[in-house]
Amino acid sequence: MSSIEAALKPRIRLRTPGEYAGWVLSILAGIGILVSVLTNPNFKWGVVAQYFTHESILRGLMLTIFLTLASMALGTLLGLGLAIMRSSHVKPISIAANIYITLFRGTPVLVQLIFWFNISALYPNLTIGIPFTNIGTAIDTNALMAPITAALVGLTLNEAAYMAEIIRGGFSSVGKGQIEAADSLGMSAGTRMRKVIIPQAMPSIIPATGNQVIGMFKGTSLVSVLGVAELLQSAQLIYARTYETIPLLLVASLWYLVMTLLLSYPQSKLEQKYSRATSRLPRKAKKVVLTEPEGTLR
Amino acid sequence: MSKDGTILAQKIRKSFGPKTVLKDINLDIASGEICCIIGPSGSGKSTILRCINGLETVDSGVLKVNGEDFGYYETAHAYHAHSPKKLAEQRTRVGMVFQSFNLFPNMTALENVMSGPVLVKGADKKQAAKRAQELLASVGLAGFGDYYPAQLSGGQQQRVAIARSLAMDPEIMLFDEPTSALDPEKVGEVLAVMKDLAKKGMTMVVVTHEMGFAREVADSLIFMDDGYVVERGDAREVLSNPQEPRTQAFLQQVL
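Numbers given for residues are sequential positions, taken from 1 along each chain in its written order. Lettering for chains starts from A, numbering for ligands starts from 1, and both go in the order in which the items are written. pLDDT decides what is reported in this predicted model: residues at 70 or higher carry local features, side-chain atom pairs at 80 or more are listed and counted, and totals for whole chains, interfaces and linings draw on all residues regardless. Only hydrogens and water are set aside; all other atoms, that is, all heavy atoms of the structure, feed into the side-chain values.

Draft legend 1. Geometry of the packing of aromatic side chains. Aromatic contacts are taken between Phe, Tyr and Trp rings whose centres are within 6.5 Å, Trp giving its six-membered ring; a plane angle under 30 degrees counts as stacked, one over 60 as edge-to-face, and the others as tilted. Applying the stated criterion across every chain yields a total of 7 aromatic pairs over all chains. Between Phe 43 of chain A and Trp 45 of chain A the ring centres are 5.7 Å apart and the planes differ by 10 degrees, which places this aromatic pair in the stacked class. Taking relative accessible area as the criterion, Phe 43 of chain A reaches 21% and is therefore assigned partly exposed. The partly exposed category is assigned to Trp 45 of chain A, whose relative accessible area is 33%. Seen in terms of ring centroids, Phe 223 of chain B and Phe 250 of chain B are 5.1 Å apart; in terms of plane orientation they differ by 45 degrees. Their pairing is tilted. Of this pair, Phe 223 of chain B sits in strand E11 (residues 220-225) while Phe 250 of chain B sits in helix H9 (residues 245-254), and the two are 27 residues apart along the sequence. For Phe 223 of chain B, a relative accessible area of 0% corresponds to the buried category. On the basis of relative accessible area, Phe 250 of chain B is assigned to the buried category, the value being 9%. For every residue, the accessible area (1.4 Å probe, protein chains only) is compared with the maximum for its type, and the residue is labelled buried under 20%, exposed over 50%, or partly exposed between those bounds. What counts as a helix is a DSSP run of H or I of at least four residues, what counts as a strand is a run of E of at least two, and both are numbered from the N terminus.

Draft legend 2. Summary view of unusual backbone geometry. Its identity is not glycine, yet Lys 44 of chain A carries a phi of approximately 50 degrees, on the positive side. Mapped onto the elements of the fold, Lys 44 of chain A is located in the loop between helix H1 (17-39) and helix H2 (45-52). Among the residues examined, Lys 44 of chain A registers a relative accessible area of 39% and is labelled partly exposed. Of note in the backbone geometry, Asp 226 of chain B takes a positive phi value of approximately 55 degrees without being a glycine.

Draft legend 3. Layout of the pairing of strand E4 (residues 60-65) of chain B. All names here are of chain B. Here 5 bridges tie strand E1 (residues 7-16) to E4, and the two strands are oriented antiparallel to one another. Looking at E4, one finds that Ala 9 is bridged to Leu 63. Two strands are counted as paired when DSSP detects at least two bridges linking them. Bridging between E4 and strand E5 (residues 68-69) involves 2 bridges; their strand directions are antiparallel. Bridge assignment links Val 65 to a residue of E5, and that residue is Glu 68. Linking two consecutive strands that pair antiparallel, namely E4 and E5, is a turn of 2 residues; a positive phi of about 55 degrees is found at Asn 66 within it.

Draft legend 4. Spatial organisation of a nonpolar patch on the surface. Think of a patch as exposed residues, more than 30% relative accessible area, with no salt bridge, where like charges cluster within 9 Å and nonpolar side chains (Val, Leu, Ile, Met, Phe, Trp, Tyr) cluster within 5 Å. Areas reported here follow the Shrake-Rupley algorithm with a probe of radius 1.4 Å; residue values treat only the protein chains shown as occluding. Here, a salt bridge means any side-chain nitrogen of Lys or Arg that lies within 4 Å of a carboxyl oxygen of Asp or Glu. Taken together, the side chains of Trp 23, Val 24, Ile 27, Leu 28, Ile 31 and Val 35 of chain A present a nonpolar region at the surface, about 620 Å² in accessible area. Tracing the backbone shows Val 35 of chain A in helix H1.

Draft legend 5. Broad picture of helix H5 (residues 154-166) of chain B. A helix is expected to reach a length of 1.5 Å times the quantity of its residues less one. For H5 of chain B, which comprises 13 residues, the first-to-last C-alpha distance of 18 Å matches the rise-based estimate of 18 Å (1.5 Å per residue) to within 8%. Of all 13 residues that make up H5 of chain B, 12 are buried, and the element is covered over most of its length. Taken residue by residue, H5 of chain B has Gly 155, Gln 156, Gln 157, Gln 158, Arg 159, Val 160, Ala 161, Ile 162, Ala 163, Arg 164, Ser 165 and Leu 166 of chain B as its buried positions. Throughout, a residue-residue contact means that at least one pair of heavy atoms, one from each residue, lies within 4.5 Å. Where H5 of chain B is buried, its residues contact helix H8 (176-184) of chain A together with strand E8 (94-97), helix H3 (109-120), helix H4 (125-138), strand E9 (172-176) and helix H6 (184-199) of chain B.

Draft legend 6. Representation of the confidence of the model for chain B. Confidence in the prediction for chain B averages 92 pLDDT; 99% of positions are at 70 or higher. Taken together, the chains of this predicted complex give a pTM of 0.80 and an interface ipTM of 0.90. Note on scores: pLDDT gives the predictor's confidence for each residue, bounded by 0 and 100.

Draft legend 7. Layout of the pattern of salt bridges. All names here are of chain B. For the coordinates displayed, the defined rule picks out 23 salt bridges over all chains. The residue Lys 23 makes a salt bridge to Asp 226 at a minimum N-O spacing of 3.1 Å. Pair noted here: Lys 23 is in strand E2 (residues 19-29) and Asp 226 is in the loop between E11 and strand E12 (228-234), with a separation of 203 residues, a long-range link. With relative accessibility at 22%, the residue Lys 23 sits in the partly exposed group. When the shortest N-O distance is used, the salt bridge between Arg 232 and Glu 33 registers 3.1 Å. Taken together, the residues span a long stretch of sequence, with Arg 232 in strand E12 and Glu 33 in the loop between E2 and strand E3 (34-38) at a distance of 199 residues. Using a relative accessible area of 34% as the deciding quantity, one classes Arg 232 as partly exposed.

This is the structure:
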């Protein structure tokens, strides 16, 4: 005989054997990995702790942050230009942008970085001056393309191609009607871009850009092949001396992880703020009053 | 030269790829005339409206808006396209109201109405805001200035859109099915604003399915089908006593 009324009885979810098995296996695997990581002396956690805040590691971290910010900033600017070029109705301009994007997205960044580092093999001298005159100065390309310059150029040019596609995607998310409304008011193309298209494209551009920043942060590790003493290279320089390879890779990895987590937080906030559903009502929007003000036509 | 408000179209042709949408359009709309364009979908009625505003360019024919060649200037052998600046200037004199309102969602109602004067004509912001408040009041939306389009009903958005066009002080207002996207109960409030406007002597060309509005407000009525103007005349006369069989068939379906 039931003691509670039928309508008040709780509903019990079905738990399958697979669910229990999943719990048990995950916990066992987790404990196993944890024990192994903590007890295996070869991880040398003491060394990790010792080098985690080592001066050259921190300097490498700073350089990594600088490369990320600088190449993202420059890449976004260049990407904006490319996106505008790609949406141009002048065919050669949009084709040029298209070729750029195809080339830079279609080849590995690593290859591009090494290419820019060795650009002096193609153009030994770079001359800045007025064409068809003798005015100008020649610069030794090899001297100009120091590892860090090559790194910055390589990362920026590559990022620009990706940002161009993100920005262009944002532009095309703005409805045709918006452009027609701006045109019918007689807006110039520049005003239309600044006041109508870009503000409305931001909701889809900003979250994607946040993802790119996180990707770029880890991507900078590639420039270690050019001998730029960023985070990974700094770690490599130390273990080349001490042979403590794994502990130093752990040091670098932990920093990458910490920074990625730090960047993920504002990224997810931005994503919330600009998500399609919420962007329909801008933040500073006035609360809707249900009673209609005077003068409403009936 | 500012005040004219006439539209003249002769032998307008317009194709989209292989499809000829306007085949031989002749129009003559006087200053202050209220002209309704009706017809089945695909008849080219929206396209001719969009040509008058420069959203589409005509392939051939003469198109004079406000007394001057629109979008092009004539030489002995050809029509040459105007510079974007000159085209924009001509467009500011023709207001356009869209079926889907097309308010700028990133701006408040007031900013929408101010956008033309401030961003195009470079008007003083304070004065433009004052004018925009007056315009919002004139379309029955006093006090709605701080609302964003997403917070307004369709009828309210359309009235803001009308105010936005009026802020440019156009001589001609074009309406492309202004009430088609509205709930039936919101249609009246938009039509009321348009009637109000008609009384003030604005030249208006209205593509519409609202036969009641055409009968009550319009001076002239144009029936279009398949890229041609099939019939045109006094609005009430055409509606009650259509001459062409095609017009009769259409009106029988919709009335």
